Amino acid sequence: MKKVIKVLASIITTILSIVILSVLGLIIYTEINKEDKFAADLIQIGYEKVTEFLFGKQEVKEEKPKDLGSIITNPEEINKYYFYEQLEDYSKIIYNKLLENKENMKTGTYTISFGESFSVLLEQPNGSDLLQDYYQAAIETYLYDNPDVFYLNPKKMYINIQTTKSKFKTKYEVYLNSGNEANYLADGYTTKEEVEIAEQKIQEIKNQVIASIENKSEYEKIKYIHDYLIEQIEYDETLSKNNIYDIYGALVNKECVCEGYAKSFKYLLDEARIENVIVIGKGTNSDGQTESHAWNYVKLEGAWYAVDVTWDDPIVKGFVGYVAQKLKYKYFLLGSKDISEDHIPSTQFVEGGKEYTYPVLNENNYRD
């Protein structure tokens, strides 16, 4: 029996030696004749066969995204990431990296490396185009799920593919940076220190609001935040100032447009642990004009309702002085029947972007 085993081992060793030497010989031959495609193809085949013989068939497996719960520090925050679950796996990988590097990205120059996470995707003929689509979906979802990253400018953020070719394979490494831009920070910020100063101002206001609603019911919390924003913010009609689309403009500068209202409402409701989402779409105002608009859906007592803080602000509606309560709460906790009269949600945050679904609203208004 021992003799048989020795003979088999000798045969296997001989075969391996022949195959390996053949491959090495072809490599040397190809180095001398670099333009000989036939020889290069034979090397590739030989390499694959030897690898398969020694280690079994090697398959590149697609990377799966981490569970979101393993990334966030507070499990109670899981509900704030409503749109995340609607992403494809490749977009989730990008989203997760953005979330993991939230602190690093305050510099505006930090490079996020994805390594070879997208190798399988990029081996496809249109892989780079698909990656751009997955990236676009990830970044827009991240920004609408996380209004606290007000300091990022997605127009200055770029996904890059570094391709390295060898005789046996093509290696794809992907990373995100500011490209040729100085940084990917929003206008008005150039350093991490400036971002942190802005953050501190926002958090001071947030802490005051949250302290004021600590012992209130969910309904009272929603109403308080709604009223606070209406009383503090003025609608900006210039469309030329920094931060009018984000929570810094709304909470600190106290000037913003509808997107700033909606993002600050979400930011404060998130801090109060109340489920809500930002809704992007069209609104038809009291003059009959249809325009791009943003508002919120809020979950209360197990049902979803619409709230449009912007259109409940009397300044926006053109009122001066005392405003009747029914006008101040005209768009507060509405059901689908009433809000659909002048609000039409869009399934896309940006034209040509990913399509999303929103929570299904209760048909009737709250407490009707």
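Starting afresh in each chain, residues are numbered from 1 along the sequence in its written order. The predicted origin of the model limits local features to residues at a pLDDT of at least 70 and limits the giving and counting of side-chain atom pairs to 80 or more, whereas totals for whole chains, interfaces and linings rest on all residues. In computing side-chain properties, one takes all heavy atoms of the structure into account and sets aside hydrogens as well as water.

## Concerning the sheet that holds strand 2 (residues 158-165)
The strands that make up a sheet are held in pairs by hydrogen bonds between backbone atoms, and each pair lies either parallel or antiparallel.
Working step 1: Taken in spatial order, the three strands line up as 1-3-2 in an open sheet, and their pairing is antiparallel. At either end of the open sheet lies a strand with only one pairing partner, and these are strand 1 (112-115) and strand 2. The mean inter-strand angle of the sheet, taken between neighbouring strand axes irrespective of direction, is 20°.
Working step 2: The pairing criterion for strands is at least two bridges between them, as found by DSSP. Here a strand is any run of E in DSSP of at least two residues, a helix any run of H or I of at least four, and the numbering for each starts at the N terminus. Summarising the sheet, strand 2 and strand 3 (residues 170-177) pair through eight bridges and their orientation is antiparallel. Paired with Y158 across the strands is N177, a residue of strand 3.
Working step 3: Any two residues having at least one pair of non-hydrogen atoms within 4.5 Å are treated as being in contact. Fitted lines through C-alpha atoms give the axes, limited to the stretch in contact for helices. The angle between two N-to-C directions lies from 0 to 180 degrees. Helix 3 (residues 89-100) contacts strand 1 and strand 3 of the sheet and is inclined by roughly 145° relative to strand 1.
Working step 4: Of the strands in this sheet, strand 2 and strand 3 touch helix 5 (residues 127-145), which is tilted by about 150° from strand 2.

## Things to note about the pairing of strand 3
Working step 1: Pairing geometry for strand 1 and strand 3, over three bridges, is antiparallel. Paired with G115 across the strands is V174, a residue of strand 3.
Working step 2: With antiparallel pairing between neighbouring strands as the criterion, strand 2 and strand 3 make up a hairpin whose turn holds four residues.

## Observations concerning the sheet that holds strand 9 (residues 343-345)
Working step 1: Reading across from one edge, 8-7-6-9 is the order of the four strands in this open sheet, with antiparallel pairing throughout. Both outer strands of the open sheet, strand 8 (303-307) and strand 9, are each paired with one neighbouring strand and no more. If you compare each strand with its neighbour and ignore which way they point, the axes differ by 40° on average.
Working step 2: The pairing of strand 6 (residues 276-284) with strand 9 spans three bridges and is classified as antiparallel.

## Considerations on the pattern of salt bridges
Working step 1: Salt bridge, as applied in this entry: a Lys or Arg side-chain nitrogen positioned within 4 Å of an Asp or Glu carboxyl oxygen. Under the defined criterion, the tally for this structure stands at 16 salt bridges.
Working step 2: Here D148 and K102 are joined by a salt bridge, their closest N and O atoms 3.1 Å apart. Linking D148 in the loop between helix 5 and strand 2 with K102 in the loop between helix 3 and strand 1, this pair joins segments that are 46 residues apart in sequence.
Working step 3: Note that E103 and K106 form a salt bridge whose closest N and O atoms lie 2.9 Å from each other.
Working step 4: Since its relative accessible area comes to 7%, K106 is described here as buried.
Working step 5: If you follow the salt bridges from partner to partner, you end up with E103, K106, K192 and E199 in one network. With a 1.4 Å probe rolled over the protein chains alone, any residue whose accessible area is under 20% of its type maximum counts as buried; one over 50% counts as exposed, and the rest are partly exposed.

## Quick notes on the packing of helix 6 (residues 192-212) against helix 9 (residues 258-271)
Working step 1: With their axes 10 Å apart at the nearest point, helix 6 and helix 9 run at an angle of 60° to one another. The orientation of helix 6 relative to helix 9 falls into the category oblique. The way helix 6 lies across helix 9 gives a crossing that is right-handed. Note on element contacts: helix 9 touches helix 6 through Y267, L268 and E271, opposite I202, Q203, K206, V209 and I210.
Working step 2: Note that Gly is not counted as nonpolar here; it falls among the polar residues with everything else outside the nonpolar set of Ala, Val, Leu, Ile, Met, Phe, Trp, Tyr, Cys and Pro and the charged set of Asp, Glu, Lys and Arg. Class assignment of the residues belonging to the contact of helix 6 with helix 9 gives a composition of five nonpolar, one polar and two charged. Every angle not falling under 35 degrees, over 145, or within 65 to 115 is termed oblique; those three ranges are roughly parallel, roughly antiparallel and roughly perpendicular. Rotating anticlockwise by less than a right angle from the far helix to the near helix defines a left-handed crossing, while the corresponding clockwise rotation defines a right-handed one.

## Digging into the environment of Q136
Working step 1: With respect to the helices and strands, the residue Q136 is situated in helix 5.
Working step 2: The class of Q136 is partly exposed, set by a relative accessible area of 34%.
Working step 3: C-alpha of Q136 to C-alpha of V350: the two residues are 214 residues apart in sequence and 9.7 Å apart in space.

## A short note on helix 3
Working step 1: Given the number of residues in a helix, its expected span is that number minus one, multiplied by 1.5 Å. Across its twelve residues, helix 3 extends 16 Å between first and last C-alpha, which sits within 8% of the 16 Å expected from 1.5 Å per residue.
Working step 2: Where burial is concerned, most of helix 3 is hidden: nine out of the twelve residues are buried.
Working step 3: Listed as buried for helix 3 are Y90, S91, K92, I93, I94, Y95, N96, L98 and L99.
Working step 4: Each element contacted by the buried residues of helix 3 is listed here: strand 1, helix 4 (119-122), helix 5 and strand 3.

## A word on the packing of aromatic side chains
Working step 1: Between rings of Phe, Tyr and Trp, where Trp is taken as its six-membered ring, a pair exists when centres lie within 6.5 Å; planes separated by under 30 degrees are stacked, by over 60 edge-to-face, and by other angles tilted. A complete count under the given rule lists 23 aromatic pairs for this structure.
Working step 2: Counting every residue linked through ring pairs, the aromatic cluster contains Y82, F83, Y144, Y297, W304, F349, Y356 and Y358.
Working step 3: Both a distance and an angle decide whether a charge sits over a ring: NZ of Lys or CZ of Arg must be within 6 Å of the ring centre and within 35 degrees of the ring normal. A cation over a ring is seen here: K263 above Y144, with NZ or CZ 5.6 Å from the ring centre.
Working step 4: Between K354 and the ring centre of Y356, over which it is positioned, the NZ or CZ distance is 5.7 Å.

## Side note on the environment of I339
Working step 1: Looking at the element boundaries, I339 is found in helix 12 (residues 336-339).
Working step 2: Owing to a relative accessible area of 4%, I339 belongs among the buried residues under this scheme.
Working step 3: The sequence separation of I339 and G283 amounts to 56 residues, and the corresponding C-alpha distance is 9.8 Å.
Working step 4: Contact partners of I339, with chain neighbours within four places excluded, come to A306, Y331, L334 and L361.

## Some details on the confidence of the model for the protein
Working step 1: Looking at any residue, its pLDDT shows the predictor's confidence there, from 0 to 100. Of all residues in the protein, 80% attain a pLDDT of 70 or more, and the chain-wide mean is 85.
Working step 2: Counting interchain partners and residues more than four positions distant, the pLDDT-below-50 stretch residues 21-30 has 13 contacts.
Working step 3: Across residues 316-322, where pLDDT falls below 50, the model places eight contacts with residues more than four positions away in sequence or in other chains.

## Section: unusual backbone geometry
Working step 1: Despite not being glycine, K254 has its phi angle at roughly 65°, a positive value.
Working step 2: One non-glycine residue with positive phi stands out, namely L333, at about 55°.
Working step 3: Positionally, L333 belongs in the loop between helix 11 (325-328) and helix 12.

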